[in-house]
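Reading the structure
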Amino acid sequence: MMTNPISLADVRAARERIADSVIRTPLVRLNVDDSEIFLKLENLQPIGSFKLRGAGNAIALANPQQLAKGVYTASAGNMAQGVAWHARRLGIPCTVVAPDHAPETKLAAIARLGGKVIKVPFADWWQVLVTRQYPGLDGFFIHPVSDPAVMAGNGTIGLEILEDLPDVDTILVPYGGGGLSCGIATAVRALKPATKVFACEVEMSAAFAAALAAGKPTKIDYKASFVDGIGSGSVLEEMWPIAKSLLDGSLVMSLADVAEAVRTLAERNRVIAEGAGATPVAAALGGKAGKGRIACVVSGGNIDFEKLVRIFRREL
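A brief report on the enclosed structure follows. Keep in mind it's a predicted model, so treat the numbers as computed, not measured.

Of the regular secondary structure elements, the protein chain holds 13 helices and 10 strands. Taken over the C-alpha trace, the protein chain has a radius of gyration of 18 Å; the compact-globule value for 316 residues is 20 Å, and the two agree within 12%. In terms of its C-alpha atoms, the protein chain occupies a principal-axis envelope of roughly 55 × 45 × 40 Å. Evaluated residue by residue, the protein chain yields a buried proportion of 61% over its 316 residues. Long-range pairs, those at least 24 residues apart, make up 73% of the contacts in the protein chain with a sequence separation of at least 6. Roughly 12,400 Å² of accessible area belongs to the protein chain as shown, and the carbon and sulfur atoms make up 52% of that amount. Between the mean site of the 33 positive side-chain charges and the mean site of the 31 negative ones, the protein chain shows a separation of 1 Å.

Below you can see the structure in the form of structure tokens.
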């Protein structure tokens, strides 16, 4: 069984490494009655997503020879933006393998950052995550989930939450592949083991919840939705033992609850969140995380305006 490939020391080193290229995002209270729900606003990063952290740490750890032919990743949009943002900063080419359902707002952002996009069917995209390669591309591959450097970069969010809210009881994190939640949980388990860390998923794409129920990774009938930043057909094999050991479970939300959370964030805090970023807030508002002080990682805000308008009109 694979053990956790990163430690608290790795997360702390990542924090120093990426300090000049990422924002130390604020932790603010959700403006709902006497709420003890707090928002870690990663949607305020320059690319509108936490992915800047992991991408930056991975590229910083690569040697010049590895970067000579550029970088590439497999991403529905946010990791692609993180890799492309750093690639542009360093003056190296970036290619992104994206699933064909990737939202246009994210694809347009990748293009603005100078990244080249290769769109493939979802099943083919998933194979890139499994095999860590794509025919014809020989640059430095950055895995969006299970790369230890990416996980360590993600874990810096956990350090910041514990500093800003030392008595936090529960941290809720969107679960796509597990790289964000496991990175955060690595820091939290080492510094405040009593704090619970839950994965948050949506119906029709809750692969981690299915794996927990079956006791092993199992295939599910994945269906794409406006919550495009999380969800998959199965848990990555290499992430399963790590996620199972670090996380306290999965909280699965309906699409209607996530849409309501998107509206609440905009109306009460003037925060624009994509579906993935609103899922932890939906879980907290729905009482699934219990009582006490709850920190929700609003992982990103890259949502198509057309989708946002439809959510505001209660059409999604």
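Attention now goes to helix H6 (residues 122–131). For H6, the complete set of buried residues consists of Phe122, Trp125, Trp126, Val128 and Leu129. Down the axis of H6, the buried side of the element spans an arc of 145 degrees, and every buried residue falls inside it. Each element contacted by the buried residues of H6 is listed here: strand S3 (71–74), strand S4 (94–99), strand S5 (116–120) and strand S6 (140–141).

Taken in spatial order, the 6 strands of this open sheet run S1-S2-S10-S7-S8-S9, and their pairing is mixed. Edge positions in the sheet fall to strand S1 (27–29) and strand S9 (250–253), since each of these pairs with one other strand and no more. Within this sheet the neighbouring strands show an average axis-to-axis angle of 30 degrees, counted without direction. With 5 bridges connecting them, strand S7 (residues 170–174) and strand S8 (residues 196–202) associate as parallel partners. Paired with valine 173 across the bridge in S8 is alanine 199. Helix-sheet contacts for helix H11 (residues 255–269) involve S1, strand S2 (37–41), S8 and S9, and the interaxial angle to S9 is about 90 degrees.

Time to look at the packing of aromatic side chains. In this structure the tally under the stated criterion is 6 aromatic pairs. Between tyrosine 72 and phenylalanine 141, the aromatic rings sit 5.0 Å apart at their centres with planes inclined by 50 degrees, giving tilted as the arrangement. Of the two residues, tyrosine 72 is situated in strand S3 and phenylalanine 141 in strand S6; the sequence distance between them amounts to 69 residues. Ring centres 6.2 Å apart and planes at 65 degrees place the aromatic pair phenylalanine 208 and tryptophan 240 in the edge-to-face group. Of this pair, phenylalanine 208 sits in helix H9 (residues 207–214) while tryptophan 240 sits in helix H10 (residues 240–246), placing them 32 residues apart in sequence. Residue class for tryptophan 240 comes out buried when judged on its relative accessible area of 8%. Taken together, Phe122, Trp125, Trp126 and Tyr222 form an aromatic cluster joined through their ring pairs.

To continue, consider the sheet that holds S4. Strand order in the open sheet formed by 4 strands is S5-S4-S3-S6, with parallel pairing between adjacent strands. A single partner strand is all that each edge strand has here, and the edge strands are S5 and S6. Strands in contact with helix H4 (residues 78–90) are S3 and S4; relative to S3, the strand with the most contacts, it is inclined by about 170 degrees.

For threonine 25, the position within the fold is in the loop between helix H1 (8–18) and S1. Excluding residues within four positions of it along the chain, threonine 25 makes contact with Lys40, Leu41, Glu42, Gln45, Arg53, Glu160 and Asp164.

Overall, the relative accessible area of 13% leaves phenylalanine 141 in the buried class. Taking the C-alpha atoms as reference points, phenylalanine 141 and isoleucine 272, 131 residues apart in sequence, are found 31 Å from one another. For phenylalanine 141, the contacting residues outside a window of four places in its chain are Tyr72, Thr73, Ala74, Val128 and Arg132.

Its location among the elements puts glycine 158 in helix H7 (residues 148–164). When its relative accessible area of 0% is taken as the criterion, glycine 158 is described as buried. Between the C-alpha atoms of glycine 158 and serine 146, which are 12 residues apart in sequence, the distance is 17 Å. If we skip the residues at most four places from it in the chain, glycine 158 touches Ile184 and Val188.

How each quantity is defined
- Residues numbered from 1 in each chain as written.
- Predicted model: local features only at pLDDT ≥ 70, side-chain atom pairs only at ≥ 80, totals over all residues.
- Heavy atoms only, no water.
- Helix = DSSP H or I, 4+ residues; strand = E, 2+ residues; numbered from the N terminus.
- Rg over C-alpha atoms; globule rule 2.2 N^0.38 Å.
- Buried < 20%, exposed > 50% of the residue type's maximum accessible area, 1.4 Å probe, protein only.
- Contact = heavy atoms within 4.5 Å.
- Areas by Shrake-Rupley, 256 points an atom, 1.4 Å probe, with all protein chains shown as cover.
- Lys, Arg positive; Asp, Glu negative; His and termini not counted.
- Charge placed at Lys NZ, Arg CZ, Asp CG, Glu CD.
- Arc of directions from axis to C-beta.
- Pairing = 2+ DSSP bridges.
- Axes fitted to C-alpha atoms, helices over the stretch in contact; angles between N-to-C directions.
- Phe/Tyr/Trp six-rings, centres within 6.5 Å; stacked < 30°, edge-to-face > 60°.

The values are spatial; any link to function lies outside them.
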